[in-house]
Every structure is written in structure tokens, then in C-alpha cells.
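Coordinates in review
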Amino acid sequence: MSAQKVQAGAPDGWQRGGAQAVRRRIVERLVNVLCAIATVVVLFLLFSILWTLVTRGAAGLSLATFLHSTAAPGSGGGLANAIVGSCEQTLLAALLGTPVGMLTGIYLSEFSHDGKIVSFVRFVSDMMLSVPSILVGLFVYLVVVEPAGHFSGIAGTLALAILFIPIVVRTTEDMLHLVPRAMREAAYALGAPGWRVIVSICLRAARGGIMTGILLALARISGETAPLLFTSLGNLNWSTNLNAPMASLPVTIYQYAGSAYDDWVQMAWTGALLITVAVLATNIFARWWLSRNGTASS
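Residues numbered from 1 in each chain as written. Predicted model: local features only at pLDDT ≥ 70, side-chain atom pairs only at ≥ 80, totals over all residues. Heavy atoms only, no water.

Overview of the overall build of the protein
In terms of helices and strands, the protein carries 11 helices and zero strands. Counting from the amino terminus, helix and strand elements in the protein follow one another as α-α-α-α-α-α-α-α-α-α-α. Its C-alpha atoms give the protein principal-axis dimensions of about 100 × 55 × 40 Å. The buried share of the protein, reckoned over its 298 residues, is 34%. On the protein, roughly 17300 Å² of surface is accessible, and the fraction owed to carbon and sulfur atoms is 70%. (Helix = DSSP H or I, 4+ residues; strand = E, 2+ residues; numbered from the N terminus. Buried < 20%, exposed > 50% of the residue type's maximum accessible area, 1.4 Å probe, protein only. Areas by Shrake-Rupley, 256 points an atom, 1.4 Å probe, with all protein chains shown as cover.)

Focus on the UniProt feature "transmembrane region" (unreviewed entry) in the protein
Residues given the UniProt feature "transmembrane region" (unreviewed entry) here are residues 30-54, 91-108, 120-144, 150-169 and 268-290. Counted over residues 30-54, helix gives 100% and strand 0%. Its end C-alpha atoms are 36 Å apart. In this annotation, residues 268-290 is assigned 100% helix and 0% strand; the end-to-end C-alpha distance for the span is 33 Å. (UniProt positions renumbered as here; feature names shortened; annotations may be inferred.)

Considering the domain arrangement of the protein
By the assigned domains, the protein splits into domain 1 (12-60) and domain 2 (64-293). For domain 1 and domain 2, the distance between their C-alpha centroids amounts to 33 Å. On the domain 2 side, the residues contacting the nine residues of domain 1 number eight residues. Both sides of the domain 1 and domain 2 interface together cover about 730 Å² of buried area, and 68% of this is carbon and sulfur. Sorting the residues of domain 1 by area buried against domain 2 places Leu53, Arg56 and Gly60 first, and these three jointly supply 64% of that buried surface. At the boundary of domain 1 and domain 2, one finds zero salt bridges. Summed over the shared surface of domain 1 and domain 2, the number is three residue pairs in polar contact (both at pLDDT 80 or more). A breakdown of the residues in the side of domain 1 that touches domain 2 according to their chemical character gives five nonpolar, three polar and one charged. (Domains from an automatic or database assignment. Contact = heavy atoms within 4.5 Å. Buried area = accessible area lost by both parts, 1.4 Å probe. Salt bridge = Lys/Arg side-chain N within 4 Å of Asp/Glu carboxyl O. Polar contact = N/O pair within 3.5 Å; in protein donor to acceptor, adjacent residues only side chain to side chain. Nonpolar A, V, L, I, M, F, W, Y, C, P; charged D, E, K, R; others polar.)

Topic: the nonpolar core
Counting 31 residues, the largest nonpolar core has Val136, Phe164, Leu176, Leu203 and Ile221 as the members making the most contacts within it. Taken together, the elements giving at least two residues each to this core come down to helix H3 (80-111), helix H5 (133-148), helix H6 (153-177) and helix H8 (194-222). In terms of residue count, the dominant contributor to this core is H8 (10 residues). Phe164 has contacts with Ala93, Ala94, Gly97, Thr98, Ile214, Ala217, Leu218 and Ile221, leaving out every residue within four places of it along the chain. With 12 residues, the next largest nonpolar core counts Leu79, Leu249, Tyr256 and Leu274 among its residues. (Core = buried A, V, L, I, M, F, W, Y, C linked by side-chain atoms within 4.5 Å.)

What to know about the pattern of salt bridges
Scanning the entire structure with this criterion turns up six salt bridges. As a salt-bridge pair, Glu173 and Arg170 come within 3.3 Å of each other at their nearest N and O atoms. In this pair, Glu173 and Arg170 both sit in helix H6, three residues apart, roughly one turn of the helix. Classification of Glu173 as buried rests on a relative accessible area of 2%. Of the charged contacts, one joins Glu224 and Arg220 as a salt bridge, the two residues approaching to 3.5 Å between their closest N and O atoms.

Next comes the structure, spelled out in C-alpha cells:
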């Protein structure tokens, strides 16, 4: 009797299993289609932005753009002082923020134990990732600009470095956590000291991800305007003095884009194109350098 029941129920079970398999295939194809549509939409928006920047910004590219400083409307000025000011402040912020962020990330990943101090540092770092940049500018204004009595490139550099550090901290910590524990144990078994394990094993294995985090942080601060309005302010004249107001591309774009003069609006589009090209070129060069060194070392 039990065998007859099994034989009678088998076709029903097969039918249910076949229906479930059909539903899974339908859901899988639907998800694949949705993913493809989302990818196409993102790529379309990306290329639309790039196309707009190229078509609108390329018209203002000339030798004068890189040789002349900003000038009054109709005077044929350029963006030389803004380009130099942005490069100076951004690179100095990266030089300040990279070692601080990496050392903090290494401490949180390799040396820290669960405790209130570690939890507090991690909480502050995560909170700084989403803090509005204008608040950082106001903070640096109260701490640096107001006591000094004037705006300066130093204040702008500090504001950008504060925005730079938490991205590097989080990326460094996450990438070091991905390094297999067996690699550390093998190095310790060979008698390597802790600092050697971190430098030669952990950082070497995670350098690609850490470099990506540094580039993301660099891309973020390259286009920041709000903190620079409260710190370095801007300068229409040529100036590389960090103790004085300093021009920058984001602030110049902000000032020019809202003006009523066509040549200034055109220069704003050109400045936006230059920032985008600089960030893309930095990413491409860094990835090429990492892949080349990785191949050579292997």
C-alpha cells in the first residue's frame, strides 16, 4: 500500500519541482534583465556627463588657459593661478592625510583590541565619512582662520586633509582585514617581527585596495568647494603663498558658473573638464603602475 502511495505521489512531486525550477529560471532572467537595464542607465548617465563636459569645456581650452591668471570679464584671462592653487592644496592635503589615515587604519586592523578607545576612533572615522564638507570648513575657519585673522592656503589644506583622512582609514582597515590570517601566521612562524609582517606581507597584499581608497579620497577633495570658501577663499591674482588667500579650481568654477558673463561661464566649464580629466588620468596611471609593479614582483 505504501509503495502505491509513493508511486501515486511521485508525479505530483515532479510537477511541483518542475514548476519551482521554471519559476527560478524566470526570476533569474528577470533579475539579469533588471541588472542589465541598471548598468545601461548608469553608463548612459556617465557618458552623458562626460560628453557634456567635453563639448562645453573643450571650447575654452587654449594656451592662455594654462598661462594666464583669472582676470576681469572680457580681459581674456585664464585659470593658471586656480590650477596651481588646487594642485598645491590637494597634493599637500594628500601628503598629510595619507600617512595619518594609513597608520590609523593599520592600528585599528592589526594592533587594536576591542575597547572603548577603538570603538570611539572607529565611530568618529565612520561619522566623518558622511559629514557635510561645509561643517569641516566652518570648523577650520573657527580654529585656524579666525585666530590668524586672515584666510590662507594652509587652512584650505587642513580642511581638505580632514576630509581625506577618514576615507583612507576605512579603506586601509577593510583591505587589511581581507588579507588571509594564514599569511600572517606563516610569516610569524618564520620569525618575522610584527612590523615586518605588516609592511612586507599585509600592506603588500592590500596595496591595490589601499591605493584605490587614496584615489577615491583624492577624487573627493579635488572637487570640494564649500570648505575652501571658508578657508583659502580664493585669489584673483597669482599666489603660491600658503599663508595668504589662494585660488582653486572649485571656487573659481563656483564663482564663474553663476556669473552673467559668457566668457566666465565658458571658463567654468573648462575648469570642470580639467578637474575631471585630472582625476581620470590619476586613476588610470595609478592602476597601470600597480599592475606593472605587481607583474614585475610576481
